[in-house]
Amino acid sequence: MTTPQLLTPFKVRDLTLKNRIVISPMCQYSAVDGVVNDWHLVNLGRFAMGGAGLVFVEASGVEPRGRISPGDVGIWNDEQARALARIADFLKANGAAAGIQLAHAGRKGSTRRPWDGGTELDAADAANGEAAWETIAPSPLPFAEKYPTPKAMSTADMAQVIVAFREATLRAETAGFDVVEVHAAHGYLLHEFLSPLSNHRTDEYGSGRAGRMRFPLEVIETVRAVWPAHKPLFLRVSAVDYPEGSGLTVEDTIAFTQAAKALGVDVVDCSSGGNTPTPPALFPGYQVQFAQAVRKEAGLATMAVGLILDAKLANEIVSSGQADLIALARPALDDPNFAIHASAELTGEPDYALAPTPAKSGLDRLAQSLRHMKVG
Ligand SMILES: Cc1cc2nc3c(=O)[nH]c(=O)nc-3n(C[C@H](O)[C@H](O)[C@H](O)COP(=O)(O)O)c2cc1C
């Protein structure tokens, strides 16, 4: 029997993923001062042990202003990077490649954790040690009611964010990640620049598609310049704004990803929406069409995401050439062993052989963890 496409390796630059199943970045809002802890290790570790080819650490703020909430993961200091290294080590020692999403929340920052309402931080939060911060965006337009009004970014702010992305990328490398993904989706800072709904600038960073793409492309260029040439760079986009036709269009996204390709992006992770409160119409595989369009028109490898609920659908998407990789968020929460079960369902043979890094003995792993524990 030929191996189902979903379970075949995928090579990008010098990285080979053992299968096409990727765990999508998922915020946990559970970091302290941006530092990951045992929650993150266990949450992400179970996906590696469950057989996924690549596991992403959630949106990680490149600077304190770039967090969504006070519980977000950060990657702006060395303590954060050391804690992340423990996770990257664990993922790699257990058969998955380790990815991290580099993010800046822009105007959707300075908000409470979702279980506390997700709305703007205020004086009561400050009294509890979680003070609001000034948010930044291309234009001074709040995302929605009960969100802070952001400051329109000056060129000095843009330069600071560029430095923050550069340093975060260097820290991702030091921490041992195989993949970084630039987050340009879901209404966060880079998407805010790309979309005419949130970018009303009249300078060279707005006014027309080329202007709106300029800052996100500068960030990508910066990240690629310091991310090792042998390691792949992913880019997450929201292919369209909702309601469709109101803002960013698939044509805009194709133009953006073509330009990103020229700068060395390898894989486009195709999501949608998030820049307005309007949700998409949901059905299984509702965003696959975007992965297919970018793959065809920009000639880039793509990752499909969004209600890809079972192995059969996931396999159909990659074997029909609509996407190269499948990202899972909620289905992986439902079943952290999705990949093992996919193997059982598609081949009749569950892939329980999960000791995939023979180079590392138990003692090596112990020594490695001790090394990280000693630092700092
Ligand atoms: C708990 C949770 C946290 C999420 N956090 C992030 C995140 O950090 N970055 C991101 O780009 N998307 C995030 N998402 C969106 C997912 O990565 C994914 O794109 C979306 O849930 C659709 O995929 P699904 O239908 O497989 O869940 C999150 C989703 C969930 C359910």
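Refer to the structure presented above.
Below: a short report on this structure. (Residues numbered from 1 in each chain as written. Predicted model: local features only at pLDDT ≥ 70, side-chain atom pairs only at ≥ 80, totals over all residues.)

We now examine the overall build of the chain. For the chain, the helix and strand inventory stands at 12 helices and 13 strands. Relative to the globule expectation of 21 Å for 376 residues, the C-alpha radius of gyration of the chain, 20 Å, shows essentially globular dimensions. If one aligns the C-alpha atoms of the chain with their principal axes, the spans along those axes are about 55 × 50 × 40 Å. A burial count over the chain gives 49% of its 376 residues as buried. Look at the contacts in the chain between residues 6 or more apart in sequence, and 71% of them connect residues 24 or more apart. (Helix = DSSP H or I, 4+ residues; strand = E, 2+ residues; numbered from the N terminus. Rg over C-alpha atoms; globule rule 2.2 N^0.38 Å. Buried ≥ 20, exposed ≤ 12 C-beta atoms within 10 Å, placed from the backbone. Contact = placed C-beta atoms within 7 Å.)

With that settled, the discussion passes to the nonpolar core. The nonpolar side chains of a soluble globular protein tend to be buried, and buried together. Core analysis: the largest hydrophobic core is formed by 105 residues, its most contacted members being Val55, Leu84, Leu102 and Ile326. In terms of residue count, helix H2 (residues 78-93) provides more of this core than any other element does, 9 residues in total. Once you skip the residues sitting within four places of it in the chain, Leu102 turns out to touch Ser60, Val62, Ile75, Phe165, Ala168, Thr169, Ala172, Val180, Glu181, Val182, His183 and Val223. (Core = buried A, V, L, I, M, F, W, Y, C linked by C-beta atoms within 7 Å.)

The buried fraction of strand E6 (residues 97-103) amounts to 7 of the 7 residues, a majority that puts the element mostly inside the structure. Side-chain alternation along E6 places Ala97, Gly99, Gln101 and Ala103 on one buried face and Ala98, Ile100 and Leu102 on a second face that is also buried. With 7 bridges joining them, strand E4 (residues 54-61) and E6 adopt parallel strand pairing. What sits directly across from Phe56, in E6, is Gly99. (Pairing = 2+ DSSP bridges.)

Bringing helix H1 (residues 38-49) into the picture now. Taking 1.5 Å per residue as the helical rise, H1 with its 12 residues ought to reach 16 Å, and the 16 Å between its terminal C-alpha atoms agrees with that figure. Tucked inside the fold, the buried residues of H1 contact strand E3 (21-23), E4, H2 and helix H10 (330-334). Positive phi appears at Gly51, one or two residues downstream of H1, with a value of about 95°. (Expected span 1.5 Å × (residues − 1).)

On to helix H6 (residues 209-226). The first and last C-alpha atoms of H6 sit 27 Å apart over 18 residues, in line with the 26 Å expected at 1.5 Å per residue. A maximum bend of about 35° is found in H6 at Phe215, where proline Pro216 lies one to four positions downstream. Taken together, the buried positions of H6 are occupied by Arg212, Met213, Phe215, Pro216, Leu217, Val219, Ile220 and Val223. If you follow the buried residues of H6, they end up packed against E6, helix H4 (155-174), strand E9 (179-184), helix H5 (189-194), strand E10 (233-238) and helix H7 (250-262). (Bend = angle between axes of the 7 residues up to and from the residue.)

Look at helix H9 (residues 311-319) against helix H11 (residues 338-347): their axes get within 9 Å of each other, and the N-to-C directions meet at 80°. Taken as axis vectors, H9 and H11 run roughly perpendicular relative to one another. Contacts between H9 and H11 involve Ala311, Ala314 and Asn315 from the former and His341, Ala342, Glu345 and Leu346 from the latter. By residue class, the composition of the contact of H9 with H11 is 4 nonpolar, 2 polar and 1 charged. (Axes fitted to C-alpha atoms, helices over the stretch in contact; angles between N-to-C directions. Parallel < 35°, antiparallel > 145°, perpendicular 65-115°, else oblique. Nonpolar A, V, L, I, M, F, W, Y, C, P; charged D, E, K, R; others polar.)

This next bit is on unusual backbone geometry. Where the residue is not glycine, phi is negative for most of them; where a peptide bond is considered, it is trans in most cases. Going from Tyr242 to Pro243, the amide bond is cis rather than trans, its omega being -5°. Counting through the fold element by element, Pro243 comes out in the loop between E10 and H7. Despite not being glycine, Asp33 has its phi angle at roughly 55°, a positive value. Structurally, the position occupied by Asp33 is in the loop between E3 and H1. Accessibility expressed as a C-beta count within 10 Å gives 11 for Asp33, which makes it exposed. The phi dihedral of Ser207 falls on the positive side, at around 45°, and the residue is not glycine. With respect to the secondary-structure elements, Ser207 resides in the loop between H5 and H6.

Relative to the elements of secondary structure, Thr155 occurs in helix H4. The exposure class assigned to Thr155 is exposed, which follows from the 11 C-beta atoms found within 10 Å. The spacing of Thr155 and Ala83 is 72 residues in sequence and 32 Å in space, taken between C-alpha atoms.

Close contact between H4 and H6 brings their axes to 9 Å; oriented N to C, the two are set at 30°. Considering their axes alone, H4 and H6 lie roughly parallel with respect to each other. Along this stretch, H4 crosses H6, giving a crossing that reads as right-handed. Between H4 and H6, the contacting residues are Met158, Ile162, Phe165, Arg166, Thr169 and Leu170 on the first element and Phe215, Glu218, Val219, Thr222, Val223 and Val226 on the second. Here the contact of H4 with H6 is composed, by residue class, of 8 nonpolar, 2 polar and 2 charged. (Left-handed = near helix turned anticlockwise from the far one by under 90°.)

What follows deals with the pairing of E9. Of all 6 residues making up E9, 6 are buried, and the element is well covered by its neighbours. Residues Val179, Glu181 and His183 of E9 are buried on one face, and the alternating residues Val180, Val182 and Ala184, pointing to the opposite face, are buried as well.

Let us look at the environment of Pro114. Looking at the secondary structure, you find Pro114 in the loop between E6 and helix H3 (123-127). Taking the C-alpha atoms as reference points, Pro114 and Leu194, separated by 80 residues in sequence, lie 25 Å from one another.

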